[in-house]
Amino acid sequence: MKVSISFLAAYALVFYAFRYKRFTYISLVATIFIPFTVTMIPNYIIMARLQFIDTPWGVILPQLADATGIFMLTQSMRNIPKPLLESLELDNVSVWHTMKDFVLPISKPAITSTSIWFFILSWNEYIWPNLMLKSQESYTLPLALQLFVSSEGGTDFTVAMALSVITMAVPLILFLIFQRFIINTFTSSGIK
């Protein structure tokens with residue numbers, strides 16, 4: 001879902017002309033520099049008022065839009081030749097067909113790497129799920145790992161190490177499989 005929102009926002013920012021387009025883009029990219037600790041309390045208050053504490057929606061909703069994904073996909077879409085899209089417009093190809101049949105396949109490496117990036121960040125998230133999820137049945141793997149580590153000396157090391165390997169293995173395998181896409185996207189978007 002996060003990648004879909006980033007894709008649609010990037011498409012609008014690259015291929016549509018509207019008022020304050022540059023200001024909107026700069027404002028979105030500037031939010032990358034706002035630390036999580038600044039938005040944590042307002043997000044918690046909003047989720048509490050919506051009664052999303054201890055639900056998956058409380059973890060998911062505040063992270064649906066991400067300026068990093070919009071930035072990476074925007075940089076990738078800027079490489080798509082504008083005459084191609086203008087010719088499609090002259091042939092009366094709809095916007096949805098243009099996105100689905102032309103822009104999406106061209107942007108596939110960037111979308112793949114952005115998806116993997118978002119997955120790894122979400123998979124490793126600890127603080128926000130710890131605030132939102134109260135019952136142990138709904139814990140994510142990093143939170144569940146905490147249950148097997150005790151500062152009083154009652155740590156079950158075999159279970160903790162097995163859970164640590166599982167927690168680490170999934171993102172590592174995904175990164176190794178899609179490493180080429182991720183590195184190409186970062187170098188094309190200017191992040192090194």
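For clarity, every value in this text was computed on a predicted model and none was experimentally measured. Each chain carries its own residue numbering, running from 1 in the written order of its sequence. Only residues with pLDDT of at least 70 get local features here, since the model is predicted, and only at 80 or more are side-chain atom pairs given and counted; chain-wide, interface and lining totals rely on the full set of residues. Values shown for side chains rest on all heavy atoms present in the structure; no hydrogens or waters enter the calculation.

## A word on the overall build of the protein
Then step 1. The helix and strand tally for the protein stands at 12 helices and 0 strands.
Then step 2. Think of it this way: any DSSP run of H or I at least four residues long counts as a helix, any run of E at least two long counts as a strand, and we number them from the N terminus. The order of α-helices and β-strands along the protein, N terminus first, is α-α-α-α-α-α-α-α-α-α-α-α.
Then step 3. Along the longest, intermediate and shortest principal axes, the C-alpha atoms of the protein span 70 × 40 × 30 Å.
Then step 4. For the protein, with 192 residues in total, the buried portion stands at 30%.
Then step 5. Contact definition: two residues touch when any of their heavy atoms are within 4.5 Å. A separation threshold of at least 6 residues defines the contact pool for the protein, and within that pool the share at least 24 residues apart is 72%.
Then step 6. Only the protein chains shown count as covering a residue, and every accessible area follows the Shrake-Rupley method with a 1.4 Å probe. Carbon and sulfur atoms provide 68% of the accessible area of the protein, an area that totals close to 12100 Å².
Then step 7. Under the counting rule used here, the positive set is Lys and Arg, the negative set is Asp and Glu, and His together with the chain ends is not counted. To locate a charge, take NZ of a lysine, CZ of an arginine, CG of an aspartate or CD of a glutamate. Taking the average location of the 12 positive side-chain charges in the protein and that of its 10 negative ones, the two points are 12 Å from each other. Relative accessible area decides the class of each residue, using a 1.4 Å probe on protein chains only: under 20% of the type maximum gives buried, over 50% gives exposed, and in between gives partly exposed.

## Things to note about the nonpolar core
Then step 1. Counting residues in hydrophobic clusters, the biggest one holds 16 residues, and the most contacted among them are Phe7, Tyr11, Phe15, Leu73, Met77 and Val103.
Then step 2. Looking at this core, the elements with two or more residues in it are helix H1 (2-15), helix H5 (67-77), helix H6 (82-90), helix H7 (95-106) and helix H8 (108-123).
Then step 3. The biggest single contributor to this core is H1, with 6 residues.
Then step 4. Filtering out sequence-adjacent residues up to four positions away, Phe15 remains in contact with Met77, Ile80, Lys82, Leu85 and Val103. Among buried residues, the Ala, Val, Leu, Ile, Met, Phe, Trp, Tyr and Cys ones that are joined through side-chain atoms within 4.5 Å form a nonpolar core.

## Digging into the pattern of salt bridges
Then step 1. Any carboxyl oxygen of Asp or Glu within 4 Å of a side-chain nitrogen of Lys or Arg constitutes a salt bridge here. Tallying each qualifying case throughout the model produces 2 salt bridges.
Then step 2. With a closest N to O distance of 3.6 Å, Asp66 and Lys2 form a salt bridge. Of the two residues, Asp66 is situated in the loop between helix H4 (56-60) and H5 and Lys2 in helix H1; the sequence distance between them amounts to 64 residues. The pair formed by Asp66 and Lys2 is uniform in burial state, with each residue classed as buried.
Then step 3. In this structure, the salt-bridge partner of Asp101 is Lys100, at a minimum N-O distance of 3.2 Å.

## Quick look at the packing of aromatic side chains
Then step 1. Classification of ring pairs uses Phe, Tyr and Trp, with its six-membered ring standing for Trp, and accepts pairs whose centres are within 6.5 Å; under 30 degrees between planes counts as stacked, over 60 as edge-to-face, and the remaining range as tilted. Within the structure shown, the criterion is met by 4 aromatic pairs.
Then step 2. Ring plane angle 90° and centroid distance 6.0 Å describe the contact between Phe36 and Trp128, whose orientation is recorded as edge-to-face. Of this pair, Phe36 sits in helix H3 (residues 36-49) while Trp128 sits in helix H9 (residues 127-132); the two residues are 92 residues apart in sequence, bridging distant segments of the chain.
Then step 3. The interplanar angle of 35° and the centroid separation of 5.3 Å between the aromatic rings of Phe119 and Trp123 together place this pair among those described as tilted. On the criterion of helical spacing, the pair formed by Phe119 and Trp123 is a turn pair, its members being 4 residues apart in helix H8.
Then step 4. Of the aromatic side chains, those joined through ring pairs into one cluster are Tyr11, Phe15 and Tyr16.
Then step 5. Here Lys2 stacks its cationic end above the ring of Phe118, 4.6 Å away from the centre of that ring. Lysine NZ or arginine CZ positioned within 6 Å of the ring centre and within 35 degrees of the ring normal marks a charge as sitting over the ring.

None of this, on its own, says anything about what the molecule does.
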